[in-house]
Amino acid sequence: MKVLVFGAGVIGTTYAWQMSEAGIDVSLLVRKQRFVRYSHSGVTITCTDLRGKKEEFTKTVFRPRTVDRLDPKSPYDLIIVAVKNFQLNDVVPYIASYSGNAHIMFLGNLWSGQLALIEKHLPKGRYFFGYPGMAGGGRTDNSINCYLLKNSNTLLGEPNGSISPRLRSVCGLLSQAGLQPRTTAGIIPLLRAHYIWTGATFGAVVKAGGARAYAGSSKFIGQSARAMMEGFRVCKKMGISAPKIFPFTLFFLPLPVMAYLLKRSYSPEMQAMIEARLRHGFDEMQKIYSDILGEAKKFAIQLPYWKSFEKPIQEAAAKRDVF
C-alpha cells in the first residue's frame, strides 16, 4: 500500500516516521518552506516511547520521502490527513481536487463544521476517520518532541459505523507500525466526546497555569470534570449519549470518584505531552473550546464551568509565552 501523510506537524511526522521504520511505503507532504530541509537535512525527533515494558527514549533524524503537492499522476492508495482542524477549510477542497481515487483518513479533532465540510467536498465512500489517542507532543521549526503511550490507541471508524475491509486493511498497516489501532462502530460519537474532553481539559489547564499544576489539583480537575459534563449536554442535544461511550462512561461516576481517577491518569509523561501540545497547538485548542461555546449557544445551554475558563484563555492567548 502506498501511503501519503498530509501534514508535517507532530502527529503527521510521528505517524510517517513510525510507518517508515516499519518498512511501509510512505511519503510526507510538507509546506514549500520546509520542503528542502525535510528532504535533505531531515527532522530531529525526540521520542519518549511507553509502549513496551520499559520506557524508551530515542533521539534520531528522520529523513522522509517528501512531496510539496498532490499529483493525480502519482496516485496513493491511502492519504492520512493530519492537520489542525481549522486548516481543513483549505485542505479539504484541495484534496478533493487532486487526490485521485485514494482512500482518505482524517486523523484528529473534528466537530460539526469540519464534518460538514468533508461531506460537502468528498463523496461518501472516499473517506473515514481516525483519532490519534496514543500519540502527541510538540514541535519547533527543526524538531519534533513526541510521546507514544502504552494504554491508548489510534481509533478508526467508518462514517456509517461499519467495520469495512478497508478499515481492516488500514488497521493491519498501523499495527505493523506499532500505532495500536482499534476499530469502532461509533467513531463520530467518539470524536465528539473527545472534542468535549479536549476543550474542557485545555480550559482547566490554562486556568491552573500549566499541566503540572492542573494534574496536582483536585480543584482544577474537578472543574474540568464539571465542564465536561456540561459539554456532554451539548452532545445529548446532537443525539449522542456520552454515558454509552467508553471511556467517557467514567465521567458519570460520582464527582469525587471521577476526579480521583482523572488525577491518577495524569502521569508525568501525560503532563509533558499536554504542555507540549499547548505550546504547539494553542490555536487549535482555543478553537475547540470556542466551538463548544458556539454550539451550546445554538441550543440555549448554559455552561458556567466551561465559561469560567474563557478569561484565562484570552489572557494566555494574549501572552502565549506563559507555558
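Residues numbered from 1 in each chain as written. Predicted model: local features only at pLDDT ≥ 70, side-chain atom pairs only at ≥ 80, totals over all residues. Heavy atoms only, no water.

1. Here's the deal with the pairing of strand β10 (residues 143-148)
Reasoning step 1: For strand β3 (residues 43-49) and β10, the ladder comprises six bridges, and the chain directions are parallel. Each bridged residue has a counterpart across the sheet, and for Thr-46 the counterpart in β10 is Asn-145.
Reasoning step 2: Here strand β9 (residues 135-139) folds back onto β10 in antiparallel fashion, the turn holding three residues. (Pairing = 2+ DSSP bridges. Helix = DSSP H or I, 4+ residues; strand = E, 2+ residues; numbered from the N terminus.)

2. A closer look at helix α5 (residues 165-176)
Reasoning step 1: Here α5 spans 17 Å end to end across twelve residues, near enough to the 16 Å set by a 1.5 Å rise per residue.
Reasoning step 2: Where α5 is concerned, the buried positions are Arg-166, Leu-167, Val-170, Cys-171, Leu-173 and Leu-174. Across the axial projection of α5, the buried residues extend over an arc of 160°, all falling on one side. In α5, those exposed residues whose orientation departs by more than 90 degrees from the buried face are Pro-165 and Arg-168.
Reasoning step 3: Looking one or two residues beyond α5, the residue adopting positive phi is Gly-178, at roughly 70°. (Expected span 1.5 Å × (residues − 1). Buried < 20%, exposed > 50% of the residue type's maximum accessible area, 1.4 Å probe, protein only. Arc of directions from axis to C-beta.)

3. Topic: the packing of aromatic side chains
Reasoning step 1: Counting across every chain of the model gives twelve aromatic pairs.
Reasoning step 2: Taking 5.1 Å as the distance between ring centres and 45° as the angle between the ring planes, the aromatic pair formed by Tyr-94 and Tyr-98 counts as tilted. Note that Tyr-94 and Tyr-98 are positioned in helix α3 (residues 88-98) at a spacing of four residues, about one turn of the helix.
Reasoning step 3: Ring centres of Phe-232 and Phe-248 lie 6.0 Å apart, and the angle between their planes is 75°; on these two criteria the pair is classed as edge-to-face. On the criterion of sequence distance, the pair formed by Phe-232 in helix α8 (residues 218-237) and Phe-248 in the loop between α8 and α9 (255-265) is long-range, its members being 16 residues apart.
Reasoning step 4: A network of ring pairs unites the aromatic residues Phe-232, Phe-248, Phe-251 and Phe-252 as a single cluster.
Reasoning step 5: Above the plane of the ring of Trp-111 lies Arg-192, whose end atom (NZ or CZ) is 5.3 Å from the centre. (Phe/Tyr/Trp six-rings, centres within 6.5 Å; stacked < 30°, edge-to-face > 60°. Lys NZ or Arg CZ within 6 Å of the ring centre and 35° of its normal.)

4. Considerations on the pattern of salt bridges
Reasoning step 1: Counted according to the given criterion, the structure contains nine salt bridges.
Reasoning step 2: Between Asp-68 and Arg-69 there is a salt bridge, with its nearest N and O atoms 3.3 Å apart.
Reasoning step 3: Among the salt bridges present, the one from Lys-84 reaches Asp-283, with a minimum N-O distance of 3.1 Å. Here Asp-283 lies in helix α10 (residues 268-298) and Lys-84 lies in the loop between β6 (78-81) and α3, a separation of 199 residues in the sequence.
Reasoning step 4: Overall, the relative accessible area of 15% leaves Lys-84 in the buried class.
Reasoning step 5: A residue is classified by how much of its surface remains accessible, and Asp-283, at 32% relative accessible area, is partly exposed. (Salt bridge = Lys/Arg side-chain N within 4 Å of Asp/Glu carboxyl O.)

5. Concerning the packing of α3 against helix α4 (residues 112-121)
Reasoning step 1: The N-to-C vectors of α3 and α4 enclose an angle of 20°; their axes lie 9 Å apart at closest approach. On the basis of their axis angle, the class for α3 and α4 is roughly parallel. At the point where α3 passes α4, the crossing takes the right-handed sense. Judged by residue contacts, Leu-88, Asn-89, Val-92, Pro-93 and Ala-96 of α3 engage Gln-114, Leu-117, Ile-118 and His-121 from α4.
Reasoning step 2: For the contact of α3 with α4, a count of residues per class yields six nonpolar, three polar and no charged. (Axes fitted to C-alpha atoms, helices over the stretch in contact; angles between N-to-C directions. Parallel < 35°, antiparallel > 145°, perpendicular 65-115°, else oblique. Left-handed = near helix turned anticlockwise from the far one by under 90°. Contact = heavy atoms within 4.5 Å. Nonpolar A, V, L, I, M, F, W, Y, C, P; charged D, E, K, R; others polar.)

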